[in-house]
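Here's the letter readout for the chains.
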Amino acid sequence: MMTKAKSILLSGVVLGAFAIGGVSLVAVTHGSVGERIADNQYQAMKRKLDTILPAEQINNDPLQDSLRVSARDLLGADATQVYRARHDESPVAVVLEPVVPDGYAGPIKLLVSVLHDGTLGGVRVVSHHETPGLGDKIEEAKSDWVLDFTGKSLTNPPLEKWAVKRDGGEFDQFTGATITPRSIVNAVRDTLLYVQQQGEALYQPVETETATIEGGQG
Amino acid sequence: MSAPQSYGSILSGGIWSNNQMLVALLGLCPLLATTTSATNGLGMGLATTAVIVCSNGTVSLVRNLVRPEIRIPVFVLVIASFVTLVELIMQAFFYDLYQVLGLFISLIVVNCMIIGRAEAFASKNRVDRALFDGLAVGLGATLVLTTLGGLREFVGQGTLFHQADLLLGDWAKAISLSLGEDFQGALIAILPPGAFIGLGLMIALKNLIDQYAKRRAAARAVPAVRTDPSPA
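Parameters at a glance
Residues numbered from 1 in each chain as written. Chains lettered and ligands numbered in written order. Predicted model: local features only at pLDDT ≥ 70, side-chain atom pairs only at ≥ 80, totals over all residues. Helix = DSSP H or I, 4+ residues; strand = E, 2+ residues; numbered from the N terminus. Buried ≥ 20, exposed ≤ 12 C-beta atoms within 10 Å, placed from the backbone. Contact = placed C-beta atoms within 7 Å. Nonpolar A, V, L, I, M, F, W, Y, C, P; charged D, E, K, R; others polar. Core = buried A, V, L, I, M, F, W, Y, C linked by C-beta atoms within 7 Å. Pairing = 2+ DSSP bridges. pLDDT = per-residue confidence, 0-100. Axes fitted to C-alpha atoms, helices over the stretch in contact; angles between N-to-C directions. Parallel < 35°, antiparallel > 145°, perpendicular 65-115°, else oblique. Left-handed = near helix turned anticlockwise from the far one by under 90°.

S.K.: Help me out: how do you make sense of the overall build of chain B in this one?
M.R.: In terms of regular secondary structure, chain B is built from 9 helices and 2 strands. Along the three orthogonal principal directions, the C-alpha set of chain B runs to about 60 × 55 × 30 Å. Relative to its 232 residues, chain B shows a buried fraction of 43%. Counted over contacts in chain B with a minimum sequence separation of 6, partners at least 24 positions apart contribute 78%.

Next comes the structure, spelled out in structure tokens:
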């Protein structure tokens, strides 16, 4: 019996040693490259923002000047990050990260920049699960479709024309994929509505990073 | 136990005769999910190779220390640690590629090929052989992943090694090939069924080559029976 207990103990000790060894290895690596990873994420985000913001008019760092808002009805998620671009103290644009809840194959994450006058600075798809070759034309790398949003606003085209052509609207759909563009057009429109609703509130300076704006009845 | 395998037979086994993906059909999940382009296949193959070499080496080093009844959990721990390591390193140095492959890198943990080599080879062989076996098996997997990725990318999208610069640096733009913007590919190649069909074709091709080689060998072994030269 003694040997059995001993053998169980020994196995436990060996297993524990491997667990500790593995965790320390990962921890050490994470410690040494963690900063680099954070920097990569920051740079990647910055590159994305730069393509949809009028860079020459901005002199702050929108990534450092962000706000967390909550408006599930219009922005698709319980928490949405809002980055504010300014020139000195005057507002230039906000960039939101709305989620399209009704994509063809799951949620689609967008990056939408809205200039202070209410026109779109640009729309980009951050992540999606749409069908390759059909719905994935929403990616900038695959087609120019998403670039058509740039310069549009709630009055151009008028609100009732914010739909794909099949639904009597202004926006193209793709051959074989209507659901994806339709849901994105709706989400971009809702984002514009949200920004219009909130007005200057989105540009208010915040004391703490966790400041939130509640509301957004839609 | 029989005499240890020679390096040559480890190499040919890993790449051809016992190719874990074409013969054992292990690691189908990453094979099917990530081979939408040659670059993705190559990236996934290299990441898998790194993990399998590290895990084979470690498992072989501790093979006399680990009692048989806990060897599987120990293998899993070792593999999971190395996969996390690879994931972190990829995020730090190949961030763009990580954004493409991200989700699947962590799935290397459940790739049966790796635990299979740990159990079947590394836990019974010296470190040098275990490391070499990891390299050979990883190379075999990388070849299959890259070929299948290239096949699917070419048929489905009309490109080859598109975005290879994400993985290999700017010079790799030279090996990117494109049939042009207007190429309307066969969508099925990119979709999941395309992976099954492509893999099936590759297995069939391998078996054909093996059969042909076997027939040639048989014909050469009994030259006296046949007087006419066998058709080449």
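Once you've had a look at it, read on.
S.K.: Just to check I follow, could you spell out the interface of chain B and chain A for this structure?
M.R.: Often the size quoted for an interface is simply the accessible area lost on bringing the parts together. Every contact between the two is made by 23 residues of chain B and, on the other side, 17 residues of chain A. When its residues are assigned to classes, the side of chain B that touches chain A shows 16 nonpolar, 5 polar and 2 charged.

S.K.: Would you mind going over the environment of A:Lys137 with me for this structure?
M.R.: Residues and elements named next belong to chain A. Of note, Lys 137 is situated in the loop between strand 6 (120–127) and helix 3 (179–198). C-beta crowding within 10 Å serves as the criterion here: with 24 such atoms nearby, Lys 137 is assigned to the buried category. Between the alpha carbons of Lys 137 and Arg 182 there is a distance of 13 Å; along the sequence they are 45 residues apart. Beyond its immediate chain neighbours, meaning those up to four positions away, Lys 137 contacts Lys 142, Ser 143, Trp 145 and Phe 174.

S.K.: What am I meant to see in the nonpolar core here?
M.R.: If you look at soluble globular proteins, the nonpolar side chains tend to sit buried side by side. With 55 residues, the main nonpolar core has B:Ala47, B:Val51, B:Val78, B:Ile79, B:Phe82, B:Val86 and B:Ile114 as its most contacted residues. Of all the secondary-structure elements, those providing two or more residues to this core are helix 3 (38–61), helix 4 (71–93), helix 5 (95–105), helix 6 (112–120), helix 7 (127–157) and helix 9 (192–221) of chain B. Among the elements that line this core, the one with the most residues is helix 4 of chain B, at 12 residues. Counting 40 residues, the second-largest nonpolar core is a separate cluster that includes A:Leu49, A:Leu96, A:Val112 and A:Ile138.

S.K.: In this structure, what is going on with the environment of B:Gln157? I would like to understand it.
M.R.: All names here are of chain B. Relative to the elements of secondary structure, Gln 157 occurs in helix 7. Sequence spacing of Gln 157 and Phe 93 is 64 residues, and the spatial spacing of their C-alpha atoms is 28 Å. The residues touching Gln 157, leaving out its near neighbours within four places in the chain, are Gly 185 and Ile 190.

S.K.: For this particular structure, what's the right way to read the environment of B:Ser106?
M.R.: Residues and elements named next belong to chain B. Its place among the elements puts Ser 106 in the loop between helix 5 and helix 6. Judged by C-beta crowding, with 13 C-beta atoms within 10 Å, Ser 106 ranks as partly exposed. Residues Ser 106 and Glu 87, spaced 19 residues apart in sequence, show a C-alpha to C-alpha distance of 7.1 Å.

S.K.: Where do I start with the pairing of strand 6 of chain A in this structure?
M.R.: Along any regular strand, the residues point their side chains to alternate faces of the sheet. All names here are of chain A. The element strand 6 is extensively covered by neighbouring structure, given that 6 of its 8 residues are classed as buried. In the sheet, strand 5 (residues 108–115) pairs with strand 6 via 6 bridges, with the strands oriented antiparallel. In the sheet register, Leu 110 faces strand 6, and the bridge partner there is Val 125. Here strand 5 hands over to strand 6 after 4 residues, with Gly 118 in that stretch at a positive phi of 95°.

S.K.: Explanation requested: the pairing of strand 3 (residues 90–96) of chain A in the structure shown.
M.R.: Residues and elements named next belong to chain A. Of all 7 residues that make up strand 3, 5 are buried, and the element is covered over most of its length. As judged from the 6 bridges shared by strand 2 (residues 80–87) and strand 3, these two strands associate in the antiparallel manner. Residue pairing for strand 3: Ala 85 is matched across the bridge by Ala 93. Hairpin connection between strand 2 and strand 3: a loop of 2 residues separates the two successive antiparallel strands, and Asp 88 in this loop has a positive phi of roughly 50°. The pairing of strand 3 with strand 5 spans 4 bridges and is classified as antiparallel.

S.K.: Could you clarify how one ought to interpret the confidence of the model for chain B in this entry?
M.R.: Caution is warranted with low-pLDDT regions, since their predicted coordinates should not be read in detail. Averaged over all residues, the pLDDT of chain B is 85; the fraction at 70 or higher stands at 93%. Both scores are given for the predicted complex: the pTM is 0.79, the ipTM 0.75.

S.K.: Explanation requested: unusual backbone geometry in the structure shown.
M.R.: Backbone phi values are negative for most residues with the exception of glycine, while trans is the configuration of most peptide bonds. In the segment running from A:Asn156 into A:Pro157, the intervening peptide bond is cis, with an omega of -5°. Position of A:Pro157 relative to the elements: it lies in the loop between strand 6 and helix 3. The residue A:Asp88 is not glycine, and still its phi comes out positive at about 50°. Residue position: A:Asp88 is located in the loop between strand 2 and strand 3. For A:Asp88, a count of 7 C-beta atoms within 10 Å translates into the label exposed. Positioned with a positive phi, B:Leu25 is a non-glycine residue whose angle comes to about 55°. Position of B:Leu25 among the secondary structure elements: in the loop between helix 1 (7–17) and helix 2 (28–34).

S.K.: What is the right way to read the packing of helix 3 of chain B against helix 5 of chain B from this model?
M.R.: Relative orientation and spacing of two packed helices are given, respectively, by the angle between their axes and the distance between those axes. Residues and elements named next belong to chain B. Where helix 3 meets helix 5, the closest approach of the two axes is 10 Å, and the angle between their N-to-C directions is 55°. With respect to helix 5, the element helix 3 is oriented oblique. Viewed along their axes, helix 3 and helix 5 form a crossing whose handedness is right-handed. Where helix 3 abuts helix 5, its residues Asn 40, Gly 43, Met 44 and Ala 47 lie against Leu 97, Val 100, Leu 101, Phe 104 and Ile 105. Residues that form the contact of helix 3 with helix 5 fall into these classes: 7 nonpolar, 2 polar and no charged.

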